[in-house]
Amino acid sequence: MSGNHSATETERAVRAKLGEVPLNREQMAAVTTVHRAATAVRQHLENSVLREADLTWTGFVVLWVVWIWGDMETRYVAEEAGISKGTLTGVVKTLQSRGLLERRPHPTDGRLALLSLTGSGEELMAELYPRFNAEEAFVVAPLDDAEAQALADLLGRVVAHLDAQGGQRRSDLRGGHPLPPRRSGRRPRV
């Protein structure tokens with residue numbers, strides 16, 4: 001379990017803090033549990049099979065994307081991995097320095113770059129992924145195959161909903177105003 005409090009303790013604290021505030025409690029519980037589960041799964045995988053391979057979660061995801069899809073423009077790798085182009089730049093430098101990934105100019109557009117796995121990167125992923133998948137199986141061991149598939153289907157519906165309607169919803173919430181620039185969380189110097 002990630003964090004210092006169990007899910008039950010957290011639910012009790014939320015009820016005590018929010019009392020009679022009108023909330024969509026079942027939906028709040030679902031989203032909170034998805035977040036806690038994602039964090040716990042990521043921490044488990046980073047501290048087991050990925051640690052053994054000296055990879056971060058993000059580094060693994062970038063290697064996975066390029067391993068599955070083959071040569072790919074950096075902007076599409078970032079999109080598929082769910083990370084910013086800036087984050088990808090740092091990850092690519094690390095993976096290049098380890099000899100796992102190659103960055104080269106696009107053959108027809110010099111402004112673009114392509115990423116591909118090196119032979120060492122291919123070997124690492126072919127050896128690592130079966131161990132990674134064994135840990136995926138460990139993570140969902142309390143579920144039988146049908147329950148695991150049902151969970152995947154339900155979460156897939158959430159993802160499809162956000163893919164189809166999330167952009168419009170976010171725009172509506174901003175009143176049609178453009179998205180403000182991302183901040184690192186640091187306050188500007190005064």
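Here the structure is shown first, and the text comes after it.
Residues numbered from 1 in each chain as written. Predicted model: local features only at pLDDT ≥ 70, side-chain atom pairs only at ≥ 80, totals over all residues. Heavy atoms only, no water.

(A) The overall build of the chain, seen in detail. Along its length, the chain carries eight helices and three strands. Secondary structure elements of the chain occur, N-terminal to C-terminal, as α-α-α-α-β-α-α-β-β-α-α. The dimensions of the chain, computed from C-alpha atoms along their principal axes, are 60 × 45 × 40 Å. A total of 190 residues make up the chain; the buried ones form 22% of that total. For the chain, contacts bridging at least 24 residues in sequence account for 55% of all contacts bridging at least 6. If you sum the accessible surface of the chain, you get close to 13900 Å²; carbon and sulfur atoms cover 55% of it. (Helix = DSSP H or I, 4+ residues; strand = E, 2+ residues; numbered from the N terminus. Buried < 20%, exposed > 50% of the residue type's maximum accessible area, 1.4 Å probe, protein only. Contact = heavy atoms within 4.5 Å. Areas by Shrake-Rupley, 256 points an atom, 1.4 Å probe, with all protein chains shown as cover.)

(B) Broad picture of the environment of Met 125. As for its placement among the helices and strands, Met 125 is situated in helix 7 (residues 119–139). Measuring from C-alpha to C-alpha, the distance between Met 125 and His 44 comes to 19 Å, with 81 residues separating the pair along the chain. Once you skip the residues sitting within four places of it in the chain, Met 125 turns out to touch Phe 60, Leu 63, Trp 64, Trp 67, Leu 117 and Pro 130.

(C) Examining the pairing of strand 3 (residues 113–117) more closely. Within strand 3, five of the five residues are buried, which leaves it mostly tucked inside the rest of the structure. Burial along strand 3 is two-sided: the face carrying Ala 113, Leu 115 and Leu 117 and the face carrying Leu 114 and Ser 116 are both buried. Alignment of strand 1 (residues 72–73) against strand 3, held across two bridges, turns out to be antiparallel. Paired with Glu 73 across the strands is Leu 114, a residue of strand 3. Where strand 2 (residues 101–105) lies against strand 3, five bridges are found, and the strand directions are antiparallel. Counted as the bridge partner of Pro 105 is Ala 113 from strand 3. (Pairing = 2+ DSSP bridges.)

(D) The layout of surface pockets, seen in detail. Roughly 1400 Å³ of volume is contained in the largest pocket. Along its surface, the largest pocket is lined by 30 residues, and Val 34, Ala 37, Ala 38, Leu 151 and Leu 155 are the ones closest to its centre. Contributing elements (two or more residues each) for the lining of the largest pocket: helix 2 (25–46), helix 4 (57–69), helix 7 and helix 8 (145–173). Per element, the largest residue contribution to the lining of the largest pocket is 11 residues, and it comes from helix 2. Partitioned by chemical class, the residues of the lining of the largest pocket number 25 nonpolar, three polar and two charged. Computed from the structure, the second largest pocket encloses a volume of approximately 250 Å³. (1 Å grid on protein atoms, 1.4 Å probe; cavity = no way out; pocket = protein on both sides within 12 Å on 5 of 7 lines; lining within 4 Å. Points joined across faces, edges and corners; volume = space filled by probe spheres on them. Nonpolar A, V, L, I, M, F, W, Y, C, P; charged D, E, K, R; others polar.)

(E) Focus on the packing of helix 4 against helix 5 (residues 74–81). One way to put it is that helix 4 packs onto helix 5 with a least axis distance of 9 Å and a crossing angle of 115°. Note that helix 4 runs across helix 5; the crossing there is right-handed. Of the residues in helix 5, those touching helix 4 at Val 61, Val 62, Val 65, Val 66 and Trp 69 are Val 77, Glu 80 and Ala 81. (Axes fitted to C-alpha atoms, helices over the stretch in contact; angles between N-to-C directions. Left-handed = near helix turned anticlockwise from the far one by under 90°.)

(F) Quick peek at the nonpolar core. In terms of nonpolar packing, the biggest core is built from 29 residues, with Leu 55, Phe 60, Val 62, Leu 63, Leu 101 and Leu 128 touching the most fellow members. At six residues, the largest contribution of residues to this core is made by helix 4. (Core = buried A, V, L, I, M, F, W, Y, C linked by side-chain atoms within 4.5 Å.)

(G) Looking closely at unusual backbone geometry. Of note, the phi angle at Asp 54 is positive, near 60°, even though the residue is not glycine. Along the chain, Asp 54 turns up in the loop between helix 3 (49–52) and helix 4. Residue Asp 54 is classed as exposed on the basis of its relative accessible area of 58%.

(H) Structural view of the packing of aromatic side chains. On inspection of all chains with the given rule, the structure shows six aromatic pairs. Put simply, the rings of Trp 57, Phe 60, Trp 64, Trp 67, Tyr 129 and Phe 132 touch in pairs and so form one group of aromatic residues. (Phe/Tyr/Trp six-rings, centres within 6.5 Å; stacked < 30°, edge-to-face > 60°.)

(I) Inspection of the sheet that holds strand 3 at higher detail. Read across the open sheet, the three strands follow the order 1-3-2; overall the sheet is antiparallel. The sheet is open, and its two edges are formed by strand 1 and strand 2, each paired on a single side. Relative to strand 3, helix 4 is tilted by about 90°, and along the sheet it contacts strand 1, strand 2 and strand 3. Each of strand 2 and strand 3 touches helix 6 (residues 85–97); the most contacted strand, strand 2, lies at about 115° to it.

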